[in-house]
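Residues per chain are reported as follows:
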Amino acid sequence: FGTGEVTANNLARALGFVASAEEIIARLEGGKKRAFDVGLAYGPWGERYFFEAAGGGLLADYVRVAKKDRKKHPKIKKLSKEQEMARHSALLRRMLHDYPARQWKIEIDGKDISGRYILWEAMNIHSVGPALYLAPGAGTRDGRFDFACARPTDCALLAKHFEARVAGKKSK
């Protein structure tokens, strides 16, 4: 199980914080309060609240690998945003090549959807990880989370999605 990491600023984008830090801070005083859905995931570890997404499988493992990679290669910090996204997407594509599907016990709103998944994500925003748009209909205040998953039969489609991200495009 992994919780979505905010390094790609997916949560900030979802909340509309796309301006400079100075502009955002200047607008805070006149800002409006809005509702925001918060998820609660249960598992062998207990329970954990999440804002952006919660998931398991490939993306959760990718976060750990990317963190180790960043520590090993300090020059990575000097990449442009586009280069960084392409690097992350290429890493995901390589990991997917021989990533094993795992059996997951998953229940959503009382419905058992357990099965073998390469990845799964309960999402409150459109994208997770390195701007992977897995839930285009997700909203932060619609009272629900979108569930995105990939089964072993979805490998080719998932690889195509990662390739589109390497090329700097959103796949459909």
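This one's a predicted model, so the numbers in the text were calculated from it and none came from an experiment.

Analysis parameters
Residues numbered from 1 in each chain as written. Predicted model: local features only at pLDDT ≥ 70, side-chain atom pairs only at ≥ 80, totals over all residues. Heavy atoms only, no water. Helix = DSSP H or I, 4+ residues; strand = E, 2+ residues; numbered from the N terminus. Buried < 20%, exposed > 50% of the residue type's maximum accessible area, 1.4 Å probe, protein only. Contact = heavy atoms within 4.5 Å. Areas by Shrake-Rupley, 256 points an atom, 1.4 Å probe, with all protein chains shown as cover. Core = buried A, V, L, I, M, F, W, Y, C linked by side-chain atoms within 4.5 Å. Salt bridge = Lys/Arg side-chain N within 4 Å of Asp/Glu carboxyl O. Expected span 1.5 Å × (residues − 1). Phe/Tyr/Trp six-rings, centres within 6.5 Å; stacked < 30°, edge-to-face > 60°. Pairing = 2+ DSSP bridges. pLDDT = per-residue confidence, 0-100.

Take the overall build of the protein next. On a plain count of helices and strands, the protein comes out with five helices and 12 strands. Across the 172 residues in the protein, those meeting the buried criterion constitute 38%. Put simply, 67% of the contacts in the protein that link residues at least 6 apart link residues at least 24 apart. Accessible area of the protein: about 10,900 Å², with a carbon and sulfur share of 55%.

What follows concerns the nonpolar core. In this structure, Leu58, Tyr62, Leu92, Leu96, Ile118, Leu158 and Phe162 are the most contacted members of the largest nonpolar core, which totals 24 residues. Looking at this core, the elements with two or more residues in it are α3 (58-72), α4 (81-97), β9 (119-123), β12 (146-150) and α5 (155-166). Of the residues forming this core, the biggest block, five residues, is contributed by α3. If we ignore the near neighbours within four places in the chain, the residues touching leucine 96 are Leu58, Ile118, Cys155, Leu158, Ala159 and Phe162.

Bringing the pattern of salt bridges into the picture now. According to the stated counting rule, one finds four salt bridges in the structure shown. The salt bridge partner of aspartate 61 is arginine 64, with a shortest N-O separation of 2.2 Å. Here the residue aspartate 61 and the residue arginine 64 both occupy positions in helix α3, the gap between them amounting to three residues, near one helical turn. You can call aspartate 61 buried: its relative accessible area is 14%. Take arginine 64: its relative accessible area is 46%, and that puts it in the partly exposed class.

Our focus in this paragraph is unusual backbone geometry. The phi dihedral of aspartate 109 falls on the positive side, at around 50 degrees, and the residue is not glycine. Relative to the assigned elements, aspartate 109 resides in the loop between β6 (107-108) and β7 (111-112).

Once that is clear, we can look at α3. With 15 residues, α3 ought to run about 21 Å at 1.5 Å a step, and its terminal C-alpha atoms sit 21 Å apart, in line with that. Every buried residue belonging to α3 is among Leu58, Leu59, Ala60, Asp61, Tyr62, Val63 and Ala66, and all of these are buried.

Our focus in this paragraph is the environment of alanine 156. Structurally, alanine 156 can be placed in helix α5. Its relative accessible area of 61% is what places alanine 156 among the exposed residues. Along the backbone, alanine 156 and histidine 97 are 59 residues apart, and their C-alpha atoms lie at a distance of 9.7 Å.

Below, the discussion takes up the packing of aromatic side chains. Counted under the stated rule, the structure contains five aromatic pairs. With a centroid separation of 6.3 Å and an interplanar angle of 20 degrees, the aromatic rings of tryptophan 120 and phenylalanine 147 are classed as stacked. Taken together, the residues span a long stretch of sequence, with tryptophan 120 in strand β9 and phenylalanine 147 in strand β12 at a distance of 27 residues. Within the aromatic cluster, the residues linked to one another by ring pairs are Trp104, Tyr117, Trp120 and Phe147.

Before going further, it helps to examine the side chain of glutamate 121. Positionally, glutamate 121 belongs in strand β9. In this structure glutamate 121 touches Ala53, Ala54, Gly55, Gly56, Leu59, Val128, Asp146, Phe147 and Ala148, once residues within four positions along its chain are discounted.

All right, on to the pairing of strand β3 (residues 46-50) then. Relative to β3, strand β2 (residues 39-43) runs antiparallel, the two being bridged by five bridges. Counted as the bridge partner of alanine 41 is arginine 48 from β3. What sits between β2 and β3 in their antiparallel hairpin is a turn of two residues.

What follows is about the confidence of the model for the protein. Across the protein, the average pLDDT comes to 82, with 86% of residues at or above 70. Within the protein, no element has a lower average pLDDT than strand β1 (residues 2-3), which sits at 45, and none a higher one than strand β8 (residues 115-117), at 97. Low pLDDT, under 50, characterises residues 1-7; the stretch is placed with 22 contacts to residues that sit more than four places away or in other chains.

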